[in-house]
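The primary structure of each chain is shown beneath.
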Amino acid sequence: METLNYLGNTIHRWEIGGSTFLAWPEAGARLMHWHHNRADGSIREVIHWPDLSELSDPVASIRGGNPVLFPFSARSFDQGDIHHWRDLQGNRRKMPMHGFARQGTFRIDRADNAGFKAILEPTAQDHACYPYDYEFSVTYRFESHRLTCEYALRNLGTTPLPWSAGHHFYFAAPWTDDASRDDYILQLPAGDTVRQTPVGTLTPGPKVPRQGPLSNPDLVDTIHVGLAGNRVRFGPADGSEFTTVSIGTSAKPRPDDTIVTWTSSPDAPYYCVEPWMGPPNAPGHGRGLHLVPAGETARFTVTVEIG
């Protein structure tokens, strides 16, 4: 592990086996980039980061890496009003898109040759949105062909902590020369699909094949729920390379575990396969809302593997 200057800021780099990982732990615990050196000397980009000449925008708004979604994923609503939620005591509170951790400041608890652990330092504004006594940490462990990310939420208070966190991986796709998304397939476990309405409720989503081309427009902004397995796999249709995203460590996921598929346009250099603890607006409809009892710690673990 080493540090280096990136546009006037200090970031961290790990070279493990054939993989290189870049991360900015203090800025949203942001994993920025991952590339892998193939045996033939070519480079495969796994996690996309744009080529920037300056940081004119907040890191949270950059479409790349893996933004941390906490305490809730995507858009929260209270009685149809976006960017609000109602806590367990019935109080109406503000909640930014994807929560506040992706734009938050973290302190490094540990950084070594295998990865890092960073702990969120909530602001007064964060506390107004989420008025609890807690410790939220993000831990990355890097390997030659794999990374594991664990969220840990420790309840330091006397009342239950609600949360429904997630990841927003910007995967490079396609990553092979002269290929398009038509040449790539996505393999999903059996399940159902939903989408979020403009007032935050869930409505049935499109019927998408459990294996089909990554270019299928029906996959965009689709929420996959009721999953029969914990693994999603995508890559060239010939099976020469793949990326696998796994939720948790058991082949059978929790009932509300969710995968979201999204990209901003057909020709964007990234495709997002996002593992979440539940569908968006979990506090509003209750599906995927998890509670951490006083004095306990809850965890959400995701693994990404290439082959």
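Cut-offs used in this document
- Residues numbered from 1 in each chain as written.
- Predicted model: local features only at pLDDT ≥ 70, side-chain atom pairs only at ≥ 80, totals over all residues.
- Heavy atoms only, no water.
- Helix = DSSP H or I, 4+ residues; strand = E, 2+ residues; numbered from the N terminus.
- Rg over C-alpha atoms; globule rule 2.2 N^0.38 Å.
- Buried < 20%, exposed > 50% of the residue type's maximum accessible area, 1.4 Å probe, protein only.
- Areas by Shrake-Rupley, 256 points an atom, 1.4 Å probe, with all protein chains shown as cover.
- Lys, Arg positive; Asp, Glu negative; His and termini not counted.
- Charge placed at Lys NZ, Arg CZ, Asp CG, Glu CD.
- 1 Å grid on protein atoms, 1.4 Å probe; cavity = no way out; pocket = protein on both sides within 12 Å on 5 of 7 lines; lining within 4 Å.
- Points joined across faces, edges and corners; volume = space filled by probe spheres on them.
- Nonpolar A, V, L, I, M, F, W, Y, C, P; charged D, E, K, R; others polar.
- Pairing = 2+ DSSP bridges.
- Axes fitted to C-alpha atoms, helices over the stretch in contact; angles between N-to-C directions.

Novice: Outline the overall build of the protein chain, supporting the account with residue identities and numerical values.
Specialist: The number of helices and strands found in the protein chain is two helices and 28 strands. For the protein chain, whose C-alpha radius of gyration is 19 Å, the value lies close to the compact-globule estimate of 19 Å for 307 residues. Dimensions of the protein chain along its principal axes, counting C-alpha atoms only, are 60 × 45 × 40 Å. When burial is assessed residue by residue, the protein chain has 52% of its 307 residues classed as buried. On the protein chain, roughly 13000 Å² of surface is accessible, and the fraction owed to carbon and sulfur atoms is 48%. For the protein chain, the centre of its 27 positive side-chain charges and the centre of its 34 negative side-chain charges are spaced 7 Å apart.

Novice: Go over empty space enclosed by the protein with me, naming the residues and quoting the values.
Specialist: A water-sized probe, rolled over the atoms, reveals where empty space remains. Applying the stated criterion across every chain, the model contains one cavity of 30 Å³ or more. Empty space within the largest cavity amounts to approximately 30 Å³. What lines the largest cavity is Leu 186, Pro 209, Gln 211, Gly 212, Pro 213, Asn 216 and Leu 219. Per-element accounting of the lining of the largest cavity gives the leading share, three residues, to strand 21 (residues 211-213). Class assignment for the residues of the lining of the largest cavity results in four nonpolar, three polar and no charged.

Novice: Now, about the sheet that holds strand 21: what can you tell me, with residues and values included?
Specialist: Across the sheet, which stays open at both edges, the nine strands sit in the order 11-12-13-14-28-24-23-18-21 with antiparallel pairing between neighbours. Two strands in the sheet have a free side with no partner beyond their single neighbour: strand 11 (106-112) and strand 21. Pairs of neighbouring strands in the sheet enclose a mean axial angle of 15°, with direction left out of account. In the sheet, strand 18 (residues 184-187) pairs with strand 21 via three bridges, with the strands oriented antiparallel. The residue of strand 21 that forms the bridge with Leu 186 is Gly 212.

Novice: A description of the pairing of strand 2 (residues 9-16) should follow, citing residues and the corresponding values.
Specialist: Alignment of strand 1 (residues 2-6) against strand 2, held across five bridges, turns out to be antiparallel. Pairing of Tyr 6 across the sheet is with Asn 9, part of strand 2. Relative to strand 3 (residues 19-24), strand 2 runs antiparallel, the two being bridged by five bridges. Looking at strand 3, one finds that Ile 16 is bridged to Ser 19. Connecting the antiparallel pair strand 2 and strand 3 is a turn made up of two residues, with Gly 17 showing a positive phi of about 60°.

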